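Residue-level structural notes
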Amino acid sequence: MNDMEAFIRRLPKAELHLHLEGTILPATLVELSQRHDASPLTLAEAEKIYQFTDFSGFMDAFRAITRLLTGPEDYELAAWRMCQRLVEQGVVHAEVYISVGVIYHWREHAEGVVEPIFAGLERARQRAERELGLSLYWIFDAVRHFTVPEAERVFLKAAELRPAHPSIIGIGLGGDERQRGSEPFHEMYAEAAKAGLRLTNHAGETTPASAIWEALSIGSERIGHALSAVEDESLLDELKARHIPLELNPTSNVRTGVCPSFAAHPLRRYFDAGLLVTLNSDDPAFFGSDIANEYLLAHTEQGFTREELRQLAANSFAASFLPESEKAHRLAQIASIK
Ligand SMILES: [Zn+2]
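Read on for an overview of the structure. These numbers come from a predicted model, not from an experiment.

The subject of this paragraph is the overall build of the protein. Tallying secondary structure elements over the protein gives 17 helices and eight strands in all. Counting only C-alpha atoms and orienting by the principal axes, one finds that the protein spans roughly 50 × 45 × 40 Å. A burial count over the protein gives 58% of its 338 residues as buried. Contacts spanning at least 24 positions in sequence make up 73% of the contacts within the protein whose residues lie at least 6 apart. Accessible surface for the protein amounts to roughly 13,300 Å². Of this, 52% is attributable to carbon and sulfur atoms. Here the protein contributes 33 positive and 49 negative side-chain charges, whose respective centroids are spaced 5 Å apart.

Structural data, given as structure tokens:
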């Protein structure tokens, strides 16, 4: 490990855009397949699932992997492995998307299916807090290209479970933006906010800047990807004026073919413009990267200095949904890292 890599590990970091399902490595997939399939996947077969070249291929891979997450124990195993990997990289806090939309979509008798799975996730979270010192929030993610009532079901479940489970911090919308934007979810977002849930949204990943305006118009507090904001100066001004955090995922965008290279990603442009940018890994097992590697690539591909990487780490806490006192504690810690 070189000096810069060691510095990145030492920096306390928050990861704000991470899908549990996207952290499952091929070896874990084989383990899950052995639990559920009559003829289990070999490691080579599992690795092949992760080899895609565009956004549609990525969606297919995501589907193949979530198919093997059937019971609470599967989710618990996946979450625990994810926590171990986060801590190895110096992540001290994560806000993790759970595709509750997928949990509902593939089960015919959906009533009561989320609670036991969520209990498995909570066991992993509490263990990680106790044994690894990692704090974790969950974001219930709906799939925008499934039906609108399916998304509503996800958000209502988040609102119902939150009072007893404050680790459910918010909701989000993922899936294929080309098929459905944000406006159909306007009222549901307002209802979720009333229930105390924070509002995130994937926008401008595979769609123009107008999709980001639409996401803002329904009250989204954080924008995932925001790749196309670079096309619209007035949108950049708006994002800056309102301190809207952007959850950027450069390697993800390169691997799904929506950005030509890490060097070409607007991360640097947004950072220099004073936007509240955060660096994240999205689906690290799918994209062959992780959060520490994204920081390293920011240095090697876009010339981020130590002090600028420190700022990115500070941004990750500023943009988090942690209480203000906890943010202040982490910011002081980051400032003192040599
Ligand atoms: Zn995502």
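Now that the structure has been shown, we can carry on.
Take the packing of helix α15 (residues 291–302) against helix α16 (residues 306–318) next. At a minimum axis distance of 11 Å, the contact between α15 and α16 shows a crossing angle of 145°. In the packing of α15 onto α16, the handedness of the crossing is right-handed. In contact with Tyr295, Ala298 and His299 of α15, α16 contributes Leu309, Leu312, Ala313 and Ser316. Looking at the contact of α15 with α16 residue by residue, the class counts come to five nonpolar, two polar and no charged.

Here we take up empty space enclosed by the protein. For the structure on display, the rule yields one cavity of 30 Å³ or more. The space that makes up the largest cavity amounts to roughly 60 Å³. Those elements that provide at least two residues to the lining of the largest cavity are β1 (13–19) and α5 (72–88). If one sorts the elements of the lining of the largest cavity by residue count, α5 sits on top with three residues. In the lining of the largest cavity, the residues fall into five nonpolar, three polar and three charged.

At this site the zinc ion is bound by His17 (NE2), His19 (NE2), His202 (NE2) and Asp282 (OD), with donor distances of 2.1 to 2.5 Å. Here the zinc ion is ringed by four donor atoms whose angles at the metal span 86 to 173°, and the overall shape comes out irregular. Read in sequence order, the donor residues coordinating the zinc ion give the pattern H-x1-H-x182-H-x79-D. Here His19, found in strand β1, pairs with Asp282, found in the loop between β8 (277–279) and α14 (284–287); they are 263 residues apart in sequence, far enough to count as distant. A residue is classified by how much of its surface remains accessible, and His19, at 8% relative accessible area, is buried. Owing to a relative accessible area of 3%, Asp282 belongs among the buried residues under this scheme.

This part is about the pairing of strand β4 (residues 168–174). By the criterion of burial, β4 is predominantly enclosed, with seven of the seven residues buried. In the sheet, strand β3 (residues 135–143) pairs with β4 via six bridges, with the strands oriented parallel. Paired with Asp141 across the strands is Gly172, a residue of β4. Regarding topology, helix α8 (residues 148–161) serves as the crossover connection from β3 to the parallel β4, and that connection is right-handed. Viewed along the sheet, the connection from β4 through helix α9 (residues 186–194) into strand β5 (residues 198–203) turns out right-handed.

Turning to the layout of surface pockets, a few remarks are in order. Roughly 310 Å³ of internal volume is contained in the largest pocket. Listed by contribution, the elements that provide at least two residues to the lining of the largest pocket are α4 (55–66) and β3. Sorting elements by how many residues they give to the lining of the largest pocket places α4 first, with six residues. Here the lining of the largest pocket is built from residues that sort into nine nonpolar, eight polar and five charged.

Moving on: the packing of α16 against helix α17 (residues 324–336). Closest axis-to-axis distance for the α16/α17 pair is 9 Å, and the angle between their directions is 175°. The angle between α16 and α17 places the two elements in the roughly antiparallel class. Across the interface between the two elements, Arg310, Ala313, Ala314, Phe317 and Ala318 from α16 touch Lys327, Arg330, Leu331, Ile334 and Ala335 from α17. Among the residues making up the contact of α16 with α17, the classes are represented as seven nonpolar, no polar and three charged.

Looking now at the environment of Glu238. With respect to the helices, strands and loops of the structure, Glu238 is situated in helix α11 (residues 233–241). Given a relative accessible area of 27%, Glu238 falls into the partly exposed group. Sequence separation between Glu238 and Phe321 is 83 residues, and the spatial gap between their C-alpha atoms is 21 Å. For Glu238, the contacting residues outside a window of four places in its chain are Trp213 and Leu216.

What the eight strands build is an open sheet, ordered β1-β2-β3-β4-β5-β6-β7-β8; its pairing is parallel. Single-partner strands in this sheet number two, and they are β1 and β8. Put simply, the sheet's adjacent strands are angled 25° from each other on average, direction ignored. Strands in contact with helix α10 (residues 209–217) are β5 and β6 (222–225); relative to β5, the strand with the most contacts, it is inclined by about 165°.

Conventions adopted
Residues numbered from 1 in each chain as written. Predicted model: local features only at pLDDT ≥ 70, side-chain atom pairs only at ≥ 80, totals over all residues. Heavy atoms only, no water. Helix = DSSP H or I, 4+ residues; strand = E, 2+ residues; numbered from the N terminus. Buried < 20%, exposed > 50% of the residue type's maximum accessible area, 1.4 Å probe, protein only. Contact = heavy atoms within 4.5 Å. Areas by Shrake-Rupley, 256 points an atom, 1.4 Å probe, with all protein chains shown as cover. Lys, Arg positive; Asp, Glu negative; His and termini not counted. Charge placed at Lys NZ, Arg CZ, Asp CG, Glu CD. Axes fitted to C-alpha atoms, helices over the stretch in contact; angles between N-to-C directions. Left-handed = near helix turned anticlockwise from the far one by under 90°. Nonpolar A, V, L, I, M, F, W, Y, C, P; charged D, E, K, R; others polar. 1 Å grid on protein atoms, 1.4 Å probe; cavity = no way out; pocket = protein on both sides within 12 Å on 5 of 7 lines; lining within 4 Å. Points joined across faces, edges and corners; volume = space filled by probe spheres on them. Donors = N, O, S within 2.8 Å, 3.2 Å for Na, K, Ca; no water. Tetrahedral: all angles 85-135°; square planar, octahedral: opposite > 155°, others 65-115°. Pairing = 2+ DSSP bridges. Right-handed = clockwise from strand over helix to strand, strands pointing away. Parallel < 35°, antiparallel > 145°, perpendicular 65-115°, else oblique.

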